[in-house]
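The lines below spell out each chain.
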Amino acid sequence: MGMATETQFHVLAVDDSLIDRKLIEKLLKTSSYQVTTVDSGTKALEFLGLHEDDQSNPNTSSVFPNNHQEVEVNLIITDYCMPGMTGYDLLRKIKESSSLRNIPVVIMSSENVPSRINRCLEEGAEEFFLKPVRLSDVNRLKPHIMKTKLKDHVIISTDQKQENEEEDDDDESGKPVLQSQEEHQQRQQQQHQQQQQQHHHQHSNSNKRKAMEEGLSPDRTRPRYNGVTTVV
Amino acid sequence: MDKNRLQRQLDMKRSLIDQGYLDEQFIQLEELQDEDSPNFVEDMVTMFYNNSARLLENIEQALVTGPIDFPKLDDYMHQFKGSSSSIGATRVKNECTRFLEHCTAGNAEGCVRTFLRVKQEHAILRTKLETYFQLARQAGSSASGGAKAR
């Protein structure tokens, strides 16, 4: 894996089906994510520190601002069909929340309904996975997480980066380790940023297309991952 | 690891797939099995059967307690179908699809008929999987060893 062994990304998975929760948890852990699973949208919002009636109150959301939580959530993956609050309802609440809207959200569903998929993507979902979810789907999550992280880093570290460039070329000189790691990541990924964005657009479109085809489109016969997918 | 027993396990798996009892999703589950969860597949299947017993009871109750609540039946069966799909139980899943068609059409007789087939496939698969996991244990395949080979 890369340099970020001390920073595991944390995914919150939401599904009312026990079996599907176990499955998505295993898929995510196998891909080296830290995982929290909950069985409802309501519990998801509680975990995220957002209470339904407090949503419009900025003071409450700032009590649990994401980047100061001990456990930060880097991505939310949720089932669409759930009793009470659907995955779509949850998605909307997240996107309406000033503290949560930047967290990428992915929707899962066992049904291939184009209008449903479109609605979710338009509401801001990054991807729409058809169930049963596979390792190849989970492998698509990273870019969405990195895109958000990169955006945060660009905002926070731009000034610092300019300062640092006036210093010595020696990377080790007096910089906190974390900062130089972030910077290193930043340099690596700035090149990818453009590509990722384009790729993302293509991805959303092609994902839409794939999902709209019959269940057994070529995408369904996926290459097998014979244990090499993740190496920790 | 006993090579003959391993072969028996693999042959049975091949056969279950060829006959349409199981599909690619079951293979995916096996590929997820590792040192951290050495019994992942069997655990998932056990969970499925524990869960589905309740769902099937609910469906049966809803079918015999008239008048039939088709939306509720639809809901139960969708849940059941979803779980079947998640463990790769193809035949069970397909019977669920047929049931759902009758449900949507409000065809009570069709629902009853297809429900019996769902129950039947569900039971048949359980027996076959019990045998399969027994073979896997005998082959020493509870860790990834045997499961990964095709």
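About the criteria used
- Residues numbered from 1 in each chain as written.
- Chains lettered and ligands numbered in written order.
- Predicted model: local features only at pLDDT ≥ 70, side-chain atom pairs only at ≥ 80, totals over all residues.
- Heavy atoms only, no water.
- Salt bridge = Lys/Arg side-chain N within 4 Å of Asp/Glu carboxyl O.
- Helix = DSSP H or I, 4+ residues; strand = E, 2+ residues; numbered from the N terminus.
- Buried < 20%, exposed > 50% of the residue type's maximum accessible area, 1.4 Å probe, protein only.
- Core = buried A, V, L, I, M, F, W, Y, C linked by side-chain atoms within 4.5 Å.
- Contact = heavy atoms within 4.5 Å.
- Pairing = 2+ DSSP bridges.
- Right-handed = clockwise from strand over helix to strand, strands pointing away.
- Expected span 1.5 Å × (residues − 1).
- Axes fitted to C-alpha atoms, helices over the stretch in contact; angles between N-to-C directions.
- Parallel < 35°, antiparallel > 145°, perpendicular 65-115°, else oblique.
- Left-handed = near helix turned anticlockwise from the far one by under 90°.
- Nonpolar A, V, L, I, M, F, W, Y, C, P; charged D, E, K, R; others polar.
- Buried area = accessible area lost by both parts, 1.4 Å probe.
- Polar contact = N/O pair within 3.5 Å; in protein donor to acceptor, adjacent residues only side chain to side chain.

(A) Layout of the pattern of salt bridges. All names here are of chain A. What the rule picks out here adds up to 19 salt bridges over all chains. We note a salt bridge from Lys131 to Asp20, for which the minimum N-O separation is 2.7 Å. On the criterion of sequence distance, the pair formed by Lys131 in the loop between β5 (127-130) and α6 (135-138) and Asp20 in helix α1 (residues 18-30) is long-range, its members being 111 residues apart. Among the residues examined, Lys131 registers a relative accessible area of 13% and is labelled buried.

(B) Region of interest: the nonpolar core. Counting 60 residues, the largest nonpolar core has Leu28 and Ile77 of chain A together with Ile59, Met77, Phe80 and Phe99 of chain B as the members making the most contacts within it. In terms of residue count, helix α3 (residues 40-64) of chain B provides more of this core than any other element does, 12 residues in total. Not counting chain neighbours up to four residues away, the residues in contact with Phe99 of chain B comprise Ile59, Leu63, Leu73, Met77, Cys111, Thr114 and Phe115 of chain B. Counting 26 residues, the second largest nonpolar core, distinct from the first, contains Leu45, Leu100, Ile107 and Leu130 of chain A.

(C) View of the pairing of strand β1 (residues 10-14) of chain A. Residue and element names in this part refer to chain A. The buried fraction of β1 amounts to 5 of the 5 residues, a majority that puts the element mostly inside the structure. The two faces of β1 match: His10, Leu12 and Val14 on one face and Val11 and Ala13 on the other face are all buried. Pairing geometry for β1 and strand β2 (residues 34-38), over 5 bridges, is parallel. Paired with His10 across the two strands is Gln34, which belongs to β2. Between β1 and its parallel partner β2, the chain crosses via α1, and the hand of that crossover is right-handed. As judged from the 4 bridges shared by β1 and strand β3 (residues 75-79), these two strands associate in the parallel manner. Looking at β3, one finds that Val11 is bridged to Leu75.

(D) Representation of α1 of chain A in the model. Residue and element names in this part refer to chain A. Counted at 1.5 Å a residue, the expected span for α1 with its 13 residues is 18 Å, and the 18 Å between its end C-alpha atoms agrees. Counted residue by residue, α1 has 10 buried out of 13 residues, so it is predominantly covered. Turning to α1, its buried residues number three or more, namely Ile19, Asp20, Arg21, Leu23, Ile24, Glu25, Lys26, Leu27, Leu28 and Thr30. Looking one or two places after α1, you find Ser32, whose phi comes out positive at around 70 degrees.

(E) Spotlight on the packing of helix α1 (residues 3-18) of chain B against helix α6 (residues 108-138) of chain B. Residues and elements named next belong to chain B. In contact at an axis separation of 8 Å, α1 and α6 are set at 155 degrees when each is read in the N-to-C sense. Comparing the axis directions of α1 and α6 gives the class roughly antiparallel. When the axes of α1 and α6 are compared, the crossing they make is left-handed. Here Arg5, Arg8, Gln9, Met12, Lys13 and Leu16 of α1 lie close against α6, whose contacting residues are Lys128, Thr131, Tyr132, Leu135, Ala136 and Gln138. Grouping the constituent residues of the contact of α1 with α6 by class yields 5 nonpolar, 3 polar and 4 charged.

(F) Examining the environment of Phe40 of chain B more closely. Within the element layout of this structure, Phe40 of chain B appears in helix α3. A relative accessible area of 7% means that Phe40 of chain B is categorised as buried. The spacing of Phe40 of chain B and Phe115 of chain B is 75 residues in sequence and 29 Å in space, taken between C-alpha atoms. What Phe40 of chain B contacts, discounting residues up to four positions off in sequence, is Lys22, Leu23 and Lys26 of chain A together with Leu29, Leu32 and Gln33 of chain B.

(G) Spotlight on the interface of chain B and chain A. Facing 22 residues of chain B, the contacting portion of chain A comprises 17 residues. Of the roughly 1800 Å² buried at the junction of chain B and chain A (both faces included), carbon and sulfur atoms supply 57%. For the interface between chain B and chain A, the tally reads 1 salt bridge. Ionic pairing is found between Asp34 of chain B and Lys26 of chain A, a salt bridge with its closest N-O pair at 2.9 Å. For the pair chain B and chain A, the number of links is 5 residue pairs in polar contact (both at pLDDT 80 or more). Those elements giving two or more residues to the side of chain B that touches chain A turn out to be α2 (24-32), α3 and α4 (70-87) of chain B. By residue number, the principal contributor to the side of chain B that touches chain A is α2 of chain B, which donates 7 residues.

Everything listed here is a matter of geometry and, on its own, says nothing about what the molecule does.
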